[in-house]
Each structure stands twice: as C-alpha cells, then as structure tokens.
Amino acid sequence: MITLTHYLVLSALLFTIGLAGIMTRRNVILILLCVELMFNAANLAFVAFAKSLGDPSGQVIVFFVITVAAAEVTVGLAIAILMARRLSTLNADEVSLLKW
Amino acid sequence: MVTGFPVALAAWTLLLAPLAAAAGIPLLGLHRKRLSASLAIGGLLVPFACACWLLLHTLQGSLHLPLEVKVSWLLLPDLAIPFGVLIDPLSLLMSLIVTGVGSAIFIYSTGYMAHDSGYSRYFTMLSLFAFSMLTIVLANNWLELFIGWELVGFCSYALIGHWFEKPQAADAGKKAFLVNRVADFGFMLGILALWAHSSPLAAERTLNYQLLQTRLPSLLQSGWLSHETLVLTGLLIFCGVLGKSAQMPLHVWLPDAMEGPTPVSALIHAATMVAAGVYMLCRNFWLFQGAPAVLETIAWVGGATAFFSAALAVVEPDLKRILAYSTLSQLGYMVMAVGLGGHVAGMYHLTTHAFFKALLFLAAGSVIHGTRRQNIRELGGLRRSMPWTSATFFIGALALCGFPALSGFFSKDEILVLAHEHNALLYWIGSVTAGLTAFYATRAWCVAFLGQAPEHLHAHESPPVMLIPLVLLSVLSIVGGYLGIPAFLGEPAGAFHWDVAATSLAAIATGAGLAWLIYRRKAIAAEAIARRCAWLHRLLVNRYFFDDVYTWYVEQVQQRLIAGACALFERFIIIGLAVNGLAWLTQLAGRAIRRVQTGRVQGYVLGFCCGIIALLYLAGRF
Amino acid sequence: MPTVVPVLAVLLLAPALGAVLLCAVPASRADWARRIAVAATSVSLALAVWIVFDYDRATGGYQYEVLIPWVRPLGIGFHLGVDGMSAVLVLLHALCSFTGVLISYAIKERVKEYYIFYLLLITGVFGVFTSLDLFFFYFFYEMAVIPMYPLIGIWGSDVKEHGVVRFSKEYAAMKLTIYLTAGAVLALTGLLWLYVSSGAGTFDVVALQHHLSAFPLDARRQAMIFPLLAVGFGVIAPLWPFHSWSPIGHAAAPSAVSMLHAGVLMKLGSYAIIRLAMGLLPDGAVMWLPWVAALCTMNIIYGGLVAMAQKDLKLIIGYSSSSHMGYVLLGIAALTPLALDGAVLLMFAHGLMTALAFALVGHVYDETHTRYLPELGGLGKSLPFIATCGVIAAMASSSLPGFGNFVAELLVILGSWDRYPLQAILAVLGIVITSVYMLRMVRGTFFGTLPQTFTHAQDAQTFFARLPYLVLVAVLLLVGCWPRPLIRLIDVSARPFISTFAHPEAIRMATTTSSQPR
C-alpha cells in the first residue's frame, strides 16, 4: 500500500535533489532543470494531499503551477539563449553583472 | 454754520486728491508730460482750496474744530483701526503748509524738470508724497500716522534716487530709506508698546489719539501703564523723530539726500517731510508731557543737532549741502523747542522755516538750473546775472538768520525765550547757533552772489514759471511773522523779551560781520583760520566722522562679519555638515550593505533557503 | 450654482483635464499647449475669485463640499471643501498659477511636456488646499512635490558664481525632491499613527475632528505625534533648520516654477500645520508651539542675514522667502485670532510678492543671462517697467504700507505681542533686515550705470507680456489698501479655530496629573 507518507517522502527527495542541483550546478540550463524538478516535487505533494484529503482544490493549484512553470521556463530559456549569444557562456558564475 | 456732508467732503478731498493724481498719472499714460504735470498740480491745488475753505470757516467761527471723519480700515473683534481725517488747528495749519508750499514747488518743478526724461515718474512720486504727507498730518491714530510715515520714506527714497543712473543718487536714496527704517524700528516698537498698554482689556486696546489722550491719566493712575513704561515708550517714539527729522546721530542721510532734484530737496527735505517728526511731537505732546525725562532728552538732542550741524555748514562748499546742514540745524531748534515744552513755538518755527527754507532751496535750484554748478567756490557775481533769484535768495537768507521783522526772527525768538526760561545752557547753545547761522548764510551769499563771476560761468535767469513761486515764497517769508500763527494754535505769542532779542541780534551781527570780513573784505584769510585750527577743520570737513563710522559698521561689521558669518554657517554647517552629512551617512550605509550583493545566484539561493528554514523554525516555536 | 455645479471639483479638475488634453497635442504645436494651459488656469482663477466673493461669511465652516466615498472599510473618501482660510489660499494659488502660466511663455523647449508637469503641479496644490481627507491630502501633497523633479531637472538653470557652476540644476532637483519626500514620509507616519490611535476609522478630516473633540487623544500621545507632523510639514514650510532645500531649489528652477514653489508650495507646509497638526492635535500644538515660535525667530533673523550675504538674485529671494515664512509660523504659533489672521494673510501677500519677484528675476535673467549681482546694474534704464515692478516687489517685501504684506505682518506682530514679546520685537527687526537686502538688490540690479553688455536688454513691452506683473501688483495693492474684506473672510474661520485651543496652563496641568495610565 502506497500511503501519503510515501508520496511526501518522494516529493521531499525530489525537492532536495532540485535544491542541491541549483546550489551546486553552474550551468544555467541545468539550474533551470533543477527548478523544474522542485516544481514537480511541489506538484506531487499537492496532488497527494488532494487525493488523501479528498479536496480537488489541490489539483487545481497544480494546473496553476504548471502554467506558471511553463512561463518561467520560457523566460529562463530566453535568458539562457541571450546569455549564450551575448556572453558566449552558460556558466552562472561568470555572469555576475548585478553586483556591487 | 457748516457741518455734515460739505465738511466731510472737503476733509476727504484734502487727503485723497493727491492720491487720485498719483494713481491717475501712470494710468493715463506716462508719456504725456503736460497731462501729468496738470494732474499733479491740480491734485494739490484742490486740497489747498479745501484747506483754505476750512480755515476760512474756522476763522469765521462757523466751523467747530476739532472735527473727525473716518472709515474703518481694519475691523476685527479685537482690533479696530480706522482710517480717518482729524482736523484741528494744528493739522489744518500743517496741511496748509504742505498744500500751499507744495503747490508752489510743484509749479516750480514744471520749469526745473522740463527736459527730464522721467518727468511723469517725478510727478507721480511727488503726488504720492503729498498724499503720504497729508496722511501723517491728518491722521487720527498712530497706525495711520505710521502708514504715512513709511510712505513718505518711500517717496523720499524714490525721489532722491530720481536720477538712478547716478551711483551717488542711488546710494543716497538707499541710505535715506535704511536710516529711516532703523529709526522706525524704535518708532514701531513704541507704537506697539503704546497699543499694548492702552487698555488692560485686550479687546479695548486702541491707537486713537483722542481716546489715548483721555485714557492716559487713568492708565497711569491704575498702574497698568507704569511711569517707566511711559518713559520708554516716549523714547522709542522719539527714535522715529531721530530718523525722519534727521536728528543726531541719525542725521547722516539728509546731506546725502541733496543728490535728488532740487525741488524735491525743497519740498521733502526742507519744508515738509523732515518736519514731520516735529509735527508728530507737537501732535502728541500730551504723551510726552507726562514724562519730563523724555522731554529733557528731546531738548538736548535738538540743541546738539542745532549747534553741531550749523558748524558743519560753515565749512561746506556745496550750496545745497549748506542748506541741508542749515535745515538740520533749524530742525534741531524745533525739536529743542518741543523738548523745552513749547510745542507751539516749535510749530511756529516749523511754519516760518517751511517758507524761507523752501525759498532758499528753490533759489538754489534756480542757480543750479541757470549755471549747472552748485559748488559756491565755482560761483560768483550772480547778483547781476540772476537778479530775481539773488533777491529772493537774499530775503530767504535774512529770514533764516533771524533778521528783525522777517518771519524767522519772530519764531526763533520764541524758541530762545523758551530756552532762556528753562535751560541756561541750551539758551547759550541756541544763541551761538544763531551766530553760526548768520555766518554761513552770509558766507554763501558773499561767495556765490557777490564778487566777480568766474570765467566760463554762463549764468542765465530762470523762466517765470520758476520765478513766480520764488516771489510768492519771499512774500510769505517776510510776512510769516505777522500771521498770528501762535494764536491760531491756541497760545498767543508771549511778551517780547528785549534782552533775548538783543543777545541774539548781537550774535547774528557778530556772525554776519565775521563772514563779511572773511569772504567779502578778505580781511582775514579763511585758509589761515583753517590752518590755525587744523584739528577742528578736519573734524568739520569729515562731518565728525559719523559717515565713516557708519560705513565701516555697515560694510565691515554688518555685511562682512554678521551676514558673512551667517552665510558661512549656512553653507558649511547647515548644508555642508547637517544635510549633506546625512546624505553622506546614507551613502556610507549603502556602500556597506551592498557587499552582500555578490552576484552569485547560488549564494542568494543559499541565503534564501537558510531564511526559510529559520522562519519554519520560528513558526514551529510559537 | 453651488447646488448644480460642484465648483471645487471643477476648480481642481480643470488643470488636471488640461494636462490630459495636452498629452494629445502634438509636440510641435507649442502655441496650442500654451493656450490650453492658459484656458485651464483661467477657469480655476475665475472659480477661485467667485468662491472668495460668494463664500457665505455669516455661516462660516466648510463650504462647497464634495463627498464621494471611495474605500469604505478604511474610511477613505474624496472629500473637498474650503473654509475662509483655505479659500484665500486657493485664490492665491489660482493667481500664482495663472500668472505663472503666462510667465512660462518664456519657455521654448519641450513646451508640451513642460506644461503637462506644470499643470500636474498646479492640480496637486489645489488638491491640498481643498482636500478634507487625509489620504487625498497626502496624495495631492506628493503630486505637488514630484513634478518639481523634472521641472527643475529639465528646464532649470545652474547656479553660477563668477561664471563657475556652484551647483547644477540636476543636483538641486534631486536634493529638493529627496528632502521634501523625506519630510512628507515623516508627516505620513504621523498621519497614520494619528489615524490608528484615534480609533475613528476614518481618514475624513471633518469626521476625525468631530471624533477627536468628543474623545480627545491622550495629551501625551498628542505630544508624540505633533512633532512628526510639525517637522514633516515644517520641512516644506520651511521651518528652520530644515530650510536649506528651498533657496537651492528656487535658484535652479525656471522662474515660473520658482513662482509656484515659493509663492504657494511653501504655504502647503504652514497650511498643513494649521489644518492637520493643530486642527487634529490641539493639546500637542499647545505644548510644542513655543518651540516653533523659537525656531521661527531663527527663520526671520538668520534667514534675513543669510539673504544679506547672497549674490545670486534668486538666492536672495529664496532666503528672503524662508525669512518671511518665519512670520507666518510665528503667527501660527502665537495662537491668537489676530496672529492667525495675519499668518494666513501673509501667506497670501507673501505668495504674490514672491511670485512677482521671481517672475522679475526670470525676465532679468532671460535678457542678461546672469543673476549674479556684481555683474548686474543700471537695468532701470533699459527695463523701466520691470524695474518699477522690481521696486514695488522690494517695497512689498519690506512691508511698506499699502501692500498686503504690511497689514499681514502688522497683524502677526500685534497678535503675538502678548505671548511672545521677544519674538515680536525680533520680527520688527526682521523688517529692517528685509529692507537692507531688498534695497541692496534693487540698487545692484536696476540702479547705477548700465553696463555696455546690457544695452540691448528688452523690457516687457506688450500688454500681454505685462499682464502677469500687473495682476500681481494690483492684487497686492488692493489687499494692502483695503484689507478688510479679505481679513474678514480669514477671520470667519480663524477665530473659531483658535477658540478651540485650551489655555497652555490648563494643558500643562493636565499632563502632569495624567501621568498615571488611563
């Protein structure tokens, strides 16, 4: 029997993997992928709760999140393409223009 | 019996006609010369006619003085300031002088200023001056007086600086206004003190002459107005006189004011405005009467001014400035008379002085008009080339000296009698001053009008429009003593004192004789005397160093030290240290905190996560 | 008319509508832009004059009210209304903005954008004088401050000494905006604190006043909030030592902006202190106003002395303004009807006089390209009309009788004589100081010999070019010669306003006894 706990553990694992990826990776594309991972971890948790509590609003929120995530990826990839074109790099550390 | 509307109309016309002229000239076009002159002259002749009409009815006994008409200018529950016309013998006499002598001078001006580019501006300001002066004269309360007081100051400023392209004229106007402003600081405080102590009830405070006069005894009795306050108030109000009537030590502006056109000097700086201080003292003599200490001060200031400025006239080479010092000296006489308790004597001398000093100035103006020179050393022999001017100047000078049977003799005698009775020292000062007066008048006469004309002096007699006023004023200077002025003011002239008259005649004869010997006979060389008394000569030529001290104070102390220090404080402490210092601190804080912005995304994420964890931890605890 | 047309709303919206219309005007048509601005301000001026005449003096109180509820839960509503005091100030602003628009004909660059900002500024000031709701009051207050930034930064001029730039217009614009906004934020804090602690749940000034008179705030709370409002609004008033933004801002702003800035904007501060700080916190006012009275003496004397040492014409008038606002603050602090009448009248008279002075300096600057006193002189010869107006402005400023300034300063001095005799004496001294620097300025600019370089300077020649000066001079003279009607209008509102203040001793007693918590 797969209980709520299993889902939540999986979600937490996915979330942590994503977070760790964001913090350790330098490639912008990979960072974006990790962000997606974290979104999906959250989505999983939402769906799991919706199922176990019998409240469909959790599933509704997931649709919102997917929409927002799509928009986010669009902007993020656009930035990545611009980075590649203008700065010829995808390394996040090399792009530190917004600092003191 | 005349009452009601005609009287009120006459009173208001007397005050407001010159104002209408002053407003009309700029509105109807500044470029129309004849129109502006006619408006100005008409605007003064009409009030003159009104004043004559009122005088006629007063003398006939068909008009009861004092009469008062007023409108409320400010009306609040706790402050009511009327704007009114108070006509009593004193103000009627003074308004006759202002409008009568003024009309003569206005007419004279059409000749004197005929080719001036600022012709209409000149007449606008003259008319405004006439209105302001009449406001002082006819005021029924202190504030109205003050309004006129300030406005004549402004007109004086504008008229002295009429030829504003000339730096000296512009500076002289500014000086006159500022010196008067300093004096008015005291005057204003005096009026304020009077207002504050005019009633124990805030709502019943007043500045009305008649009300104050009736209240004064009870105020003093109840102790609401202490004697010390009264003395202080009196002294503060006298400060105003120091400025307006150019008494020492605030006399310095009057000689400089001679930069203005000569008719202006005649009207404002001889006959009327400078006499306003004396008039104010006479008008409110009831206030000073209760404070002998104030009267004593007034008398001494007047005596000192009379003597010291007469001495200055002795060494002055400029014809107009000689007359200016003479005016100072004569004003000193008047102020001294008031200080000795003789406000009628003061007023009497004011009247005769208005006649003969206006005459002298206009004659001097005629000289300047005819020769383009005003230094007496560059003049001479005018008696032949300018007979009318010379004759009238001679009459004026005689009256000024106090030659028997002329107007100046009677009025000066009244003052000397008064001094003789009250204060021996002031009496002697007055008599010596009479001698000095005769000396400088004779000197001016001998040097400028007698003797040989210097080369290149092309003198020509002035046009009739300038000579007719001279003749009219000469007549007044001669008969001024027989008009019964003291009696009109309610205090018939006292018995004739042979001893006082003899002393003053002796002084006059000595002064005139000495001047004759020095400047006509050349029996004594003026230079030799100057060399013998070098220090005295230096003191007089430098005008007792008053101007130097004031200039030093204004430029070095006031402008550079005080104002300069404030400006530096503003620039470096308030702006530099406080305001910009705060801005600098803000920038410093920004510079410190921006180190956190490393630009590394991972760093931000780490910080973000730590923050979330900390929040979650906190949320768990509460 | 009042029942049919919301006069105040039209008055307020006319310039705003003008600004909106201007957005549609092509940038190349400067003449349209000018005409729209003149039309918009003329409407406001006509209505302001009408209000001053029509205001029912027998009834008093707020009239021509407009009330449109907006955010009901918070108690915010669009509430307009004027009483005698604000009616006079509305007239002042209408006069200044109308003449300012005419004076702005000298602006030749980006005319359309200039007038948009200028009309926004005008709308903001009208809004402050007519708003009876704290929210909108603050909204319009900021609306009056923010347009100053582009107006000074784009159309202003640098301040030079001997041809060397002392500070740039951009610097002045930044400093002024930051300074005023900082003050506004301080005041906002106070207003919000007041809103919260009153417990009335409304931003409406009238309702709040009503509530506070029934349930007065604790005197100690009032004593804490009052300084926030007094200093916050005092910055723009400008209360010493928070005045240093103003001369710099004046000096750098284009002349029509300086006219509004010194003529009206400064009065926002003193008006806000009267209407909000004193009106809502009477006990706090009684406790703190002696400090205001002490500081405003510094305004008068110190400001005058600094003005005496300045050499830039606009800086002289700038410091002179901060000096004369000291009289306004003294009149407010004295807490007598007479002094308050004088203070409001002085706001009016000084506003006109200062507007006149800045307009004149603007003309002189346009013709000679300098404002530096040692370089000027003799302009009376080539600019007779401007010089005459200059002498008039100088005389009005040194409170010559016949100008409104004299009556106003007289009332302030008479009214504050009993409570603050020392300050009153120093105020009289301030008049002497004023005449010193004003005459020095007139002497240095218009009198003396005319330098060769200025012989081509052009006077204001057409009637249209002279109109703004004539309007300002005429109103100054009118009020000075016949002050009764205007003072009566002010007094109708000022007297009841002052009567609500408790006697200072009573407050002191109350604070000492109320040390135990309620």
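Residues numbered from 1 in each chain as written. Chains lettered and ligands numbered in written order. Predicted model: local features only at pLDDT ≥ 70, side-chain atom pairs only at ≥ 80, totals over all residues.

K.L.:
Could you give an account of the overall build of chain B, naming the residues involved and the relevant values?
P.N.:
Secondary structure summary: chain B contains 26 helices and two strands in total. Here the C-alpha coordinates of chain B stretch approximately 115 × 65 × 55 Å along the principal axes. Out of the 622 residues in chain B, the part that is buried amounts to 53%. (Helix = DSSP H or I, 4+ residues; strand = E, 2+ residues; numbered from the N terminus. Buried ≥ 20, exposed ≤ 12 C-beta atoms within 10 Å, placed from the backbone.)

K.L.:
Account for the pairing of strand β1 (residues 63–71) of chain C, naming residues and giving values.
P.N.:
Two faces make up the sheet, and in a regular strand the side chains alternate between them. All names here are of chain C. Note that β1 and strand β2 (residues 76–82) share six bridges and pair antiparallel. Across the sheet, the residue bridging to P69 is G77, located in β2. Connecting β1 to the next strand, β2, in antiparallel fashion are four residues, including G75 with a positive phi near 75°. (Pairing = 2+ DSSP bridges.)

K.L.:
Give me the lowdown on the interface of chain C and chain B, citing residues and values where you can.
P.N.:
Facing the 37 residues of chain C at the interface are 37 residues of chain B. When contributions to the side of chain C that touches chain B are tallied by element, the ones reaching two or more residues are α12 (282–309), α14 (337–368), α15 (379–382), α17 (404–416), α18 (421–446) and α20 (484–499) of chain C. Counting residues per element, the side of chain C that touches chain B draws most heavily on α18(C), which supplies eight residues. Of the residues that constitute the side of chain C that touches chain B, the class distribution is 24 nonpolar, eight polar and five charged. (Contact = placed C-beta atoms within 7 Å. Nonpolar A, V, L, I, M, F, W, Y, C, P; charged D, E, K, R; others polar.)

K.L.:
A description of the interface of chain A and chain B should follow, citing residues and the corresponding values.
P.N.:
The interface of chain A with chain B comprises ten residues on the first partner and eleven residues on the second. For the side of chain A that touches chain B, a count of residues per class yields seven nonpolar, one polar and two charged.

K.L.:
So what about unusual backbone geometry? Which residues, and what values?
P.N.:
Each neighbour pair has its own omega, and for M248(B) with P249(B) the value is 5°, a cis peptide bond. For P249(B), the location among the structural elements is in the loop between α8 (227–244) and α9 (253–256). Here the amide bond leading from A237(C) into P238(C) is cis, since omega sits at -10°, within 30 degrees of zero. Checked against the element boundaries, P238(C) lands in the loop between α9 (219–234) and α10 (245–252). A positive phi angle is found at A246(B), which is not glycine, with a value near 50°. Within the element layout of this structure, A246(B) appears in the loop between α8 and α9. One non-glycine residue, F545(B), lies in positive phi territory at about 65°. Mapped onto the secondary structure, F545(B) falls in the loop between α24 (534–541) and α25 (546–593).

K.L.:
Explain the environment of D218(C) to me, using residue names and the numbers behind them.
P.N.:
All names here are of chain C. One can find D218 in the loop between α8 (205–214) and α9. On the neighbour-count criterion, D218 (15 C-beta atoms within 10 Å) is partly exposed. Sequence separation between D218 and G284 is 66 residues; the distance between their C-alpha atoms is 9.5 Å.

K.L.:
Talk me through the pairing of strand β1 (residues 67–76) of chain B; I want residue IDs and the actual numbers.
P.N.:
Residue and element names in this part refer to chain B. Pairing of β1 with strand β2 (residues 79–87) involves nine bridges; the strand directions are antiparallel. In the sheet register, K70 faces β2, and the bridge partner there is G84. Counting the residues between successive antiparallel strands, the hairpin from β1 to β2 contains two residues.

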